[in-house]
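# Coordinate analysis (summary)
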Amino acid sequence: MKIVYVLPGPMGRTEAGRKEMDRRLSILRSYACPDTEVDIVDVDEGPASIESLYEEYLSIPNTVDLMLEMENKGYDAAILGCYGDPGLDAIREVTEKMVVVGPGEAGAMAAALSGYRFSIITVTNSIVNPLYHLVEKAGVGKKLASVRAIETPVLELASNKAQTVQKLIEEGRKAIEEDRADTLILGCMTMGFLNVAEEMAEELGVPVINPGKISLKFAEALAGAGLVHSKLAYMTPPKIASGEVSGSKELLVQKNR
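I will try to describe carefully the structure that is included in this document. Keep in mind it's a predicted model, so treat the numbers as computed, not measured.

So, on to the overall build of the chain. Looking only at helices and strands, the chain features 11 helices and 8 strands. Expected size for 257 residues packed as a compact globule is a radius of gyration near 18 Å; at 18 Å, the chain falls within 12% of this value. Counting the 257 residues in the chain, one finds 53% classified as buried. In the chain, the proportion of contacts linking residues at least 24 apart, taken out of those at least 6 apart, comes to 71%. For the chain, the computed accessible surface area is about 12,700 Å², with 51% contributed by carbon and sulfur atoms. Each charge sign in the chain was given a centre, from 27 positive and 37 negative side chains, and these centres are 1 Å apart.

Written out as C-alpha cells, the structure reads:
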C-alpha cells in the first residue's frame, strides 16, 4: 500500500522547511504498518501557514493539481496535510482511484467513536468558526462540545514547545470541566507533529486524538479495505467527465480569450 501526505503549503522552499518535512515523514512512517509505504510532498506555492478561510482557499488550486499528480503516480491513498481539510470535496471530485483523507473529518469521526462529547483545541480564534462548520459537515455536530484556541500562530507552536503544551493542557482542562468534553482533538497538524497527545491524555485522563496519526490509520483502513469515494457523492466535474478539459488549469478562463 502506498500513501502520500500532501502539504498544501510550500514547506520545502527553505532548508529548515525541508528538514521539517523529513522529520514529519519519519513520524508518519513510524505510525504506519510494516507493509505501508509513506511519502510526503508539498505544493510549489501557497500560504506559509493556514489560519483562516481565506488562506485555505488560496491553498486549494495548487493542492488539487498536486493530488491529481499523486493519483497518476499510483498512490492508493492521500492525506490532506491541513486540519481544516481545504478543498477536500473538490479533490474527491477529480480523483477516482485514490482515497483522500481529511484530518479534520477523520479526527471528528474518531472522536465521535471515542466518547459522547468532544472538543477541538486549535491555534487561533480566526479558525474557530470554520472548525464548527467542518464538524457539522462531517455529520457529528451534535457531539461537539466546543472549539477552543490557545492563541498561538502555527509557525510559533514549536518555538517554545513547553509553553505550547502548557496552553494545550490548560484549554483541554477547561474543555473538560466547563464544556463537559470527554475527548479532545488537536486541531492543527503542526500540533499533531509535536507528539504531545499521549502526554496530554495522561495529564487530563481523556483520549486526545493526534490528527496526523488518525489520518494515516484511516487511510490504511480505507485503502486496505479496497474502498474509494462514491462518485454519486463526489461527482466528476462535467467538463472533465466529458473530456472537454483534462484538469483544473484548463477550466480557467483566460483574460485574453
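Let's pick the thread back up.
For the rest of this paragraph, the subject is helix H2 (residues 53-72). Look at H2: 29 Å from first C-alpha to last across 20 residues, which is about the 28 Å you get at 1.5 Å a residue. Of all the bends in H2, the largest measures some 40° and sits at Ile60, one to four residues before the proline Pro61. Residues of H2 that are buried include every one of Glu56, Ser59, Ile60, Thr63, Val64, Leu66, Met67, Leu68, Met70 and Glu71, and no others. Structurally, H2 contributes buried residues whose contacts are with strand S1 (2-7), strand S2 (37-42), strand S3 (77-80), helix H3 (88-94) and strand S4 (99-101). Following H2 by one or two positions, Gly74 has its phi on the positive side, about 95°.

Moving on to the pairing of S1. Counting buried residues along S1, 5 of its 6 residues qualify, which places the element largely inside the surrounding structure. Bridging between S1 and S2 involves 6 bridges; their strand directions are parallel. Its bridge partner lying in S2, Val4 is registered against Asp39. Once the chain exits S1 it traverses helix H1 (residues 15-31) before rejoining the sheet at S2, and the crossover so formed is right-handed.

Turning our attention to the pairing of strand S7 (residues 183-186). Of the two faces of S7, the one carrying Thr183 and Ile185 and the one carrying Leu184 and Leu186 are both buried. Two elements, strand S5 (residues 118-122) and S7, share 4 bridges in a ladder whose sense is parallel. Note on S7: the bridge partner recorded for Ile120 is Ile185. Relative to strand S8 (residues 208-209), S7 runs parallel, the two sharing 2 bridges. By the bridge assignment for S8, Leu184 is matched with Val208.

Turning to the side chain of His229, a few remarks are in order. Position of His229 relative to the elements: it lies in the loop between helix H9 (211-224) and helix H10 (238-241). Note on His229: relative accessible area 16%, which makes it buried. Among the polar contacts listed, one links the side chain of His229 to the side chain of Arg92, at a separation of 3.3 Å. Residue contacts for His229: discarding those within four places in its chain leaves Arg92, Met98, Val99, Val100 and Tyr234.

Relative to the helices and strands, Glu171 resides in helix H6 (residues 161-179). Separated by 116 residues in the primary sequence, Glu171 and Glu55 have C-alpha atoms spaced 25 Å apart. Dropping the residues within four chain positions of it, Glu171 is found in contact with Ile121, Arg148, Ala149 and Ile150. Looking at Glu171, its side chain comes within polar contact range of the side chain of Arg148, at 3.2 Å.

Glancing now at the packing of aromatic side chains. Evaluation of the coordinates by the stated rule reveals 1 aromatic pair. When the centroid spacing of 5.7 Å and the interplanar angle of 90° are considered together, the rings of Tyr5 and Phe193 count as edge-to-face. Pair noted here: Tyr5 is in strand S1 and Phe193 is in the loop between helix H7 (189-192) and helix H8 (197-204), with a separation of 188 residues, a long-range link. Here Tyr5 and Phe193 have matching classes, each one buried. A cation sits over an aromatic face here: Lys2 above Tyr75, 4.8 Å from the ring centre.

About the criteria used
Residues numbered from 1 in each chain as written. Predicted model: local features only at pLDDT ≥ 70, side-chain atom pairs only at ≥ 80, totals over all residues. Heavy atoms only, no water. Helix = DSSP H or I, 4+ residues; strand = E, 2+ residues; numbered from the N terminus. Rg over C-alpha atoms; globule rule 2.2 N^0.38 Å. Buried < 20%, exposed > 50% of the residue type's maximum accessible area, 1.4 Å probe, protein only. Contact = heavy atoms within 4.5 Å. Areas by Shrake-Rupley, 256 points an atom, 1.4 Å probe, with all protein chains shown as cover. Lys, Arg positive; Asp, Glu negative; His and termini not counted. Charge placed at Lys NZ, Arg CZ, Asp CG, Glu CD. Expected span 1.5 Å × (residues − 1). Bend = angle between axes of the 7 residues up to and from the residue. Pairing = 2+ DSSP bridges. Right-handed = clockwise from strand over helix to strand, strands pointing away. Polar contact = N/O pair within 3.5 Å; in protein donor to acceptor, adjacent residues only side chain to side chain. Phe/Tyr/Trp six-rings, centres within 6.5 Å; stacked < 30°, edge-to-face > 60°. Lys NZ or Arg CZ within 6 Å of the ring centre and 35° of its normal.

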